[in-house]
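The chain contents come next:
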Amino acid sequence: MAYVPGVALLAALVVGCSAGSDSNANGADGKAGSPTVTPAPPGKYETLPAPCRAVPRGMLKDLLPGAAELPGDQQEKVFRGSASVTYDTDRKVGCSWKSDAPNATRSLSIDFERVVSYDPAVSDDDRADTVYAKKEKAAGLSSPATPGPDAEKDSAAPGEQGKDKGKGADADKPEDPAADATASAGGSADPSPSSSPSGGDGGGDNGDSGAGTGTEEALPSRVLDNLGDAAFLHDRPTRAGSTAQHRTVSVVFRTSNVVVTVRYAEQPALVTQVSDSRELQEKAQALARKLAETLSE
């Protein structure tokens, strides 16, 4: 009987060690699961449309005057378009068209970019909003809407730019960044003295173009309403040496996690001719709205 207390003590120690091991295991599991973060929702779009088939033939005939008068094989070549070179068609695709008419050459290009966020805390939509906000800022514009948290982290606070809209804050922006939103094949990247990034003086573009043949005042570059989740238009006239004025109208919009860019440009045949800014803007906007409808289908 003298050995019973010792046996009881040994049994108690074994039970205590076993309980401690279970407690440590449970504690380790609890710590491992505590930092779990719920991933942000994915974007609406997982694929992109075929860009060279995204514009209806009827719209192409209207956007590229003179193409319909070409012989059949040449007409088909123009309307077929030329696909942009891209290394990942799931993420970015584009197409361009060009038509030469007796009085002017017109070119059109569209680009679709599907944005994917690799940060689980940032949604695809928020990341796409950051991409869009950078394009808008490069065009010298600012949206009244405050961008998502990713935009504040990756860009120079575009939301604060919107708060300053109408207070002259854009007047100090350099003209060079605007080329990011308007660069197109055959277009000049040199800034024009008659075109400020914000397009504040609508009539100045035609007034400075030389011959004074323009009958319509150029509408200013601006943020657009009722087009996707966010949109802007940028109108950029340029002149190189003694050549006629080259005008490029860009419409950029975002819908969910896709950013779309439409560029529509005209190069008049004569130096004395001035492109009709209003017509180019209206047709570029009409195409952008058609593309937005196509994406939503």
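First, a word on scope: everything that follows refers to the structure included in this document. This one's a predicted model, so the numbers in the text were calculated from it and none came from an experiment.

### Re the overall build of the protein
Right, so step 1: On a plain count of helices and strands, the protein comes out with nine helices and seven strands.
Right, so step 2: Within the protein, buried positions represent 42% of all 297 residues.
Right, so step 3: A separation threshold of at least 6 residues defines the contact pool for the protein, and within that pool the share at least 24 residues apart is 61%.
Right, so step 4: Accessible area for the protein stands at about 15,700 Å²; split by element, carbon and sulfur atoms hold 53% of it.

### Structural notes on the nonpolar core
Right, so step 1: With 34 residues, the main nonpolar core has I110, F112, F253 and L291 as its most contacted residues.
Right, so step 2: Elements with a minimum of two residues in this core: α2 (57–63), α3 (72–80), β2 (92–100), β3 (104–114), β5 (230–238), β6 (246–255), β7 (258–268) and α9 (277–296).
Right, so step 3: Counting residues per element, this core draws most heavily on α9, which supplies seven residues.

### Quick look at the pairing of β6
Right, so step 1: Within β6, ten of the ten residues are buried, which leaves it mostly tucked inside the rest of the structure.
Right, so step 2: As consecutive antiparallel partners, β6 and β7 are separated by two residues, and within that stretch S256 has a phi angle of approximately 55°, a positive value.

### Observations concerning the packing of aromatic side chains
Each aromatic ring pair is characterised by the separation of its centres together with the angle its planes make.
Right, so step 1: Per the stated rule, a full pass over the model turns up one aromatic pair.
Right, so step 2: Each ring, one from Y132 and one from F232, has its centre 5.7 Å from the other, and the planes form 50°; the classification is tilted. Linking Y132 in helix α4 (residues 124–138) with F232 in strand β5, this pair joins segments that are 100 residues apart in sequence. As far as burial versus exposure is concerned, Y132 and F232 are alike and both buried.

### Details of the state of the cysteines
Right, so step 1: Scanning the model with the defined rule gives one disulfide in all.
Right, so step 2: Shown here is the disulfide that connects C52 with C95, its sulfur atoms set 2.1 Å apart. The sign of the S-S torsion, about 100°, decides the handedness of the disulfide formed by C52 and C95: right-handed. Placement of C52 in the loop between α1 (4–33) and α2 and of C95 in strand β2 is noted, with a sequence separation of 43 residues between them.
Right, so step 3: Of the residues examined, C95 reaches a relative accessible area of 1% and is grouped as buried.

### A closer look at the pattern of salt bridges
Right, so step 1: Per the stated rule, a full pass over the model turns up nine salt bridges.
Right, so step 2: Look at the salt bridges and you will find they share partners, linking D62, R106, E266, E279 and K283 into a network.

### Regarding the sheet that holds β3
Across a sheet, strands are paired by hydrogen bonds formed along the backbone, either parallel or antiparallel in direction.
Right, so step 1: Strand order in the open sheet formed by seven strands is β1-β2-β3-β7-β6-β5-β4, with antiparallel pairing between adjacent strands. With one partner strand each, in any of the chains shown, β1 (82–83) and β4 (222–224) form the two edges of the open sheet.
Right, so step 2: Summarising the sheet, β1 and β2 pair through two bridges and their orientation is antiparallel. Within β2, the position partnered with S82 by the bridge is S96.

### Structural notes on α4
Right, so step 1: With 15 residues, α4 extends 21 Å between its outermost C-alpha atoms, agreeing within 8% with the 21 Å of an ideal straight helix rising 1.5 Å per residue.
Right, so step 2: For α4, every residue scored as buried is listed here: D124, A128, D129, T130, V131, Y132, A133, K135, E136 and A138.
Right, so step 3: Looking one or two residues past α4, G140 carries a phi angle of roughly 80°, positive in sign.

Quick notes on the rules
Residues numbered from 1 in each chain as written. Predicted model: local features only at pLDDT ≥ 70, side-chain atom pairs only at ≥ 80, totals over all residues. Heavy atoms only, no water. Helix = DSSP H or I, 4+ residues; strand = E, 2+ residues; numbered from the N terminus. Buried < 20%, exposed > 50% of the residue type's maximum accessible area, 1.4 Å probe, protein only. Contact = heavy atoms within 4.5 Å. Areas by Shrake-Rupley, 256 points an atom, 1.4 Å probe, with all protein chains shown as cover. Core = buried A, V, L, I, M, F, W, Y, C linked by side-chain atoms within 4.5 Å. Pairing = 2+ DSSP bridges. Phe/Tyr/Trp six-rings, centres within 6.5 Å; stacked < 30°, edge-to-face > 60°. Disulfide = S-S within 2.5 Å. Salt bridge = Lys/Arg side-chain N within 4 Å of Asp/Glu carboxyl O. Expected span 1.5 Å × (residues − 1).

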